[in-house]
Each structure stands twice: as structure tokens, then as C-alpha cells.
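# Geometric and topological summary
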Amino acid sequence: MDHKEGAYKVKDLGLAEKGRKRIEWAESRMPVLMKLRDEFSKTKPFDGYKIAGCLHVTKETAVLVETLAACGADVAWSGCNPLSTNDEVAAALAANGMAEIYAWHGQSTEDFYWSIDQTIQPEAPHLTLDDGADLIFRVHSEYPEMAEKIVGGSEETTTGVHRLRAMDDDGKLLYPVFAVNDAETKWDFDNVYGTGQSTIDGILRASSVMLAGKNFVVAGYGHCSRGVAMRAKGMGANVIITEVKPTAALKATLDGHRVMTMDEAAQIGDIFVTATGMKDVIRGRHFLKMKDGAIVSNTGHYDVELNLEELSELSVASREVRENNREYTMENGKKIYILADGRLVNLAAAEGHPSEVMDMSFANQFQAHLALVRQHEAGEPLGPHVIDLPESLDQEIARIKLETMGIEIDSLTDEQEVYATDYSAGT
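Residues numbered from 1 in each chain as written. Predicted model: local features only at pLDDT ≥ 70, side-chain atom pairs only at ≥ 80, totals over all residues. Heavy atoms only, no water.

A word on the overall build of the chain. When helices and strands are tallied, the chain shows 18 helices and 16 strands. Rg of the C-alpha trace for the chain: 22 Å, near the compact-globule value of 22 Å for 427 residues, within the 12% margin. Dimensions of the chain, computed from C-alpha atoms along their principal axes, come out at roughly 70 × 65 × 45 Å. Residues counted as buried form 55% of the 427 residues belonging to the chain. Taking the contacts inside the chain whose residues are at least 6 apart along the sequence as the reference set, 73% of them involve residues at least 24 apart. Summing over all exposed atoms, the chain offers an accessible surface of approximately 18900 Å²; the carbon and sulfur share of this is 50%. (Helix = DSSP H or I, 4+ residues; strand = E, 2+ residues; numbered from the N terminus. Rg over C-alpha atoms; globule rule 2.2 N^0.38 Å. Buried < 20%, exposed > 50% of the residue type's maximum accessible area, 1.4 Å probe, protein only. Contact = heavy atoms within 4.5 Å. Areas by Shrake-Rupley, 256 points an atom, 1.4 Å probe, with all protein chains shown as cover.)

See below:
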């Protein structure tokens, strides 16, 4: 397939050389995905397939895009968040010409959906690759006729998988989607270690404050928020968790964190991070209770976790005091600092997850699409449901990752293999 004419829109093509250096750095830190590229670029299993992707345009994403293209795919890509695109990387992808790319930092809502539409028009894709399910939902809501051609898709995030499972439960999902987020080598590594490190990175870049000794409030105690709490505690912060789920709150307590309601935490917190996927986690009444100088951020996929409309109504002035850091002066004279306008602080104010952990996540993405193609070509298409990746694939990706790290592990003997499934063995 040939790309359509003028198949990119980026901020500045002159940034391409800097972006290429970023991509090459990521390649040097992503051995699993590079191994897949080396193996499958010879057989080109995606030849004849168009893959439309809607995912943060980072240096790591570029490695995935160019891997899919090297393995035969006709790739069209847009960013999945208005503030998460790295313009240097987007320029490098445009200059390379291996894929269509429509992404730039600071998109309006109209720009965002225009970019998605460019990746699926005029020709519908065979496969979709999502981070947040916006592309999938766009197809379902605006172009449902395209679903007949689509072999399947994949979803990268907890938020996106929740949306898709709800669609599946309602019988509204029109084609199969692999829940890549739910693979162990994704959620227990990318979500925990990736989100933890990159969120702290974003907060420090936007504020340059010391974390040690601060009351650090994390909303939620799922995988992403657990990673944030772990890293904040490691830097000397006093971590406070807010939750709505009893078992999650109990885990946080036993992990040594203080647990309380957001109404209580708002009064004593110095730094706040939301990571729940739910809207209005921090709203007007919470902002009113905060200390003068409180720093508030979000690392959940959408910007709805902080109710900034209510904050604006309570404020008499706002100004940007440094990049990705907006000061709101409230009617009572207190100042509240919002990082990255409530968008993903780890991507809007930093570079996203480290390459080493995205290596496994994107290897899962690659394998999910390979499975969809193989099922399709075998005449055994999957039904229109959310599907988990096989556990054996998790273990294979983890095994390769360990090999690239120079780590060896034990294996079961034949006798142990028998014992593992011998239900008659007892005392």
C-alpha cells in the first residue's frame, strides 16, 4: 500500500534530526522489540495490512511505529493526548516517511479528532492500536461501517480497557480487541514502574520542589498509583492514599501508607497526584481546604480527575509561573499550583515512561496484532469481544527481557513438572 499524498501534519519538520537521535536512544534500550523487528522484518507478516494507531507520540512509540512498518504494515498514526506529543519525534517520523503521522503538542479538541480521522480516511484500517480507546470509539460512533473491514485491535491502558469492557458488556463492540493493558508484562511493570518514575519526573520538571518531608497525596491505589506512591516514599515523602475500594485501601495501609478521605487529605497535603480514571476526584471543596502553595497534578489518562472549572470559579487570577505550572490565586488569597493543566503530568511535563519498561508493553502490542493477523489468515477470526493475551506470551516476553539483562533463572525438572499437576500428592 502507498501512503496518501501529504501524509503528515507536525509542528516543525526541522526538528527531525533531534527526534531521530531520541528514537535511536530508545532503540538502544528496547532489545525485546528490536529483536521482534529483526525477526519479522524478514517475513513481513503485516504486508497488505493498514494499522491505524492512536497513542502518545514519544520516542518509544516511534520504535513501535517503525517496527510495524519494517514488518510490512502501512501505518497511520495520531497522538492520543493533546499535550503528550514530542514534536521532535513526530518530525522524525514524518521525515522518515515510513508512516503517516498527524500529531503535535498543544492540539485543540478539534485538532485531536481531525488527526484521528486522517488515520482512518479515506481508507479504513485493518487493525487499530489504541491508548485510551478514542480511536476505537471514533470508529464505532462516527464510522461504524468501517468495522466490517477491521480485523481487530488492541488497547494499551486501564482506562481504555474499562471503556471497551463496558462496550462489550452492552453488546456494542463491533470487532475483537486485545486488552494489552491486562498482560502481566504490561500492567505489573509499565503501570507500576513506568508510571511511578515518569510521574515523579514530570512533577520535578514542572516544580523543582524537594519531595523529602512533604505530605504527598496519591488518589487511588491501583497499579499506576501504587507505583507513584512507591517512588514518592523512596524519595522521603510522607505518602497519604485516598481510595474508594476497601481492599485497595487495606493494601495501602499494610504497605505503610496513611489512608484517609480526600476531604481530610486536602487539608494537610503538599503535593497531590490523581491516578484513578474517575472524574472529579479533586474538586472545588477540596481546593478550598488546601494549603497555600499546594501542588496538584494528574497522571490518569484523561484530564477529568481535577475539576479545574470549579477551581477557576473560585479563583480571582491565574498565570503560568513556569512551563507546565499554572498558579491560581483563590478568593481567600491562597495560591494553588496546577501542573500540565491537569493532563498527564508524566507525558505533558516529562517524556513518559522509560524506554526499558515500554519495551515489554510494545512487544505485547506487536504480538497482539500478529495474533490477529494469523487468526484472520487461518480463517478463524475472533469474535467482537475484549480478549486477554495468553499467559504463555507474558512468560516469553519476560524470558527474553531477562536474557537481555543477563539474568538466568531456574527451570522445573521433569519430576517437578509431574508433581505440579499431581493432585493426588499429599502429606
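The next point concerns the side chain of Ser84. Tracing the backbone shows Ser84 in the loop between β3 (74-78) and α4 (87-96). Given the relative accessible area of 4%, Ser84 is considered buried. One polar contact links Ser84 to His56, side chain to side chain, over a distance of 2.8 Å. Leave out the neighbours within four places in its chain, and Ser84 touches His56, Val57, Thr58, His105 and Leu347. (Polar contact = N/O pair within 3.5 Å; in protein donor to acceptor, adjacent residues only side chain to side chain.)

Before going further, it helps to spend a moment on the pattern of salt bridges. A complete count under the given rule lists 28 salt bridges for this structure. Close ionic contact of Lys59 with Glu60 constitutes a salt bridge, the shortest N to O distance being 2.9 Å. The exposure classification of Lys59 matches that of Glu60, with both residues buried. Among the salt bridges present, the one from Arg285 reaches Asp263, with a minimum N-O distance of 2.9 Å. With a gap of 22 residues between them, Arg285 in helix α13 (residues 284-289) and Asp263 in helix α12 (residues 262-268) connect regions that are remote in the sequence. Since its relative accessible area comes to 46%, Arg285 is described here as partly exposed. A single network of salt bridges, built from pairs that share partners, joins Arg22, Lys59, Glu60, Glu88, Asp201, Arg205 and Glu351. (Salt bridge = Lys/Arg side-chain N within 4 Å of Asp/Glu carboxyl O.)

Put simply, Gln121 and Pro122 share a cis peptide bond, and its omega is -5°. Look at Lys44: it is not a glycine, yet its phi comes out positive at around 50°. Along the chain, Lys44 turns up in the loop between α2 (31-40) and β2 (50-54). Overall, Lys44 belongs to the partly exposed group, its relative accessible area being 38%.

What follows concerns the sheet that holds β2. For sheets, the rule is that strands pair by backbone hydrogen bonds, running either parallel or antiparallel. Spatially, the 8 strands line up as an open sheet ordered β1-β4-β3-β2-β5-β6-β7-β16, and their pairing is parallel. The sheet is open, and its two borders are formed by β1 (8-9) and β16 (386-387), each paired with just one other strand. Relative to strand β4 (residues 99-102), β3 runs parallel, the two sharing 4 bridges. Residue Val75 lies in a different strand from β4, and its bridge partner there is Ala99. (Pairing = 2+ DSSP bridges.)

On to the nonpolar core, then. Counting 52 residues, the largest nonpolar core has Phe46, Leu68, Trp77, Ile101 and Phe366 as the members making the most contacts within it. Per-element tally for this core: the top contributor is helix α16 (residues 355-377), with 10 residues. Not counting chain neighbours up to four residues away, the residues in contact with Ile101 comprise Ala7, Tyr8, Lys9, Val10, Val57, Trp77, Ala90, Leu93 and Ala94. If you look at the next biggest cluster of nonpolar residues, it comprises 23 residues, including Ala124, Leu135, Leu164 and Ala179. (Core = buried A, V, L, I, M, F, W, Y, C linked by side-chain atoms within 4.5 Å.)

Here strand β8 (residues 215-219) lies mainly inside the structure; 5 of its 5 residues are buried. With burial as the criterion, each face of β8 is covered, one bearing Asn215, Val217 and Ala219 and the other bearing Phe216 and Val218. As paired strands, β8 and strand β9 (residues 238-242) are joined by 5 bridges and run parallel to one another. Residue pairing across strands places Val217 opposite Ile240, the latter belonging to β9. Each parallel crossover has a hand, and the one from β8 via helix α10 (residues 223-234) to β9 is right-handed. Across 4 bridges, the pairing between β8 and strand β11 (residues 271-274) is parallel. Bridge assignment links Val217 to a residue of β11, and that residue is Phe272. (Right-handed = clockwise from strand over helix to strand, strands pointing away.)

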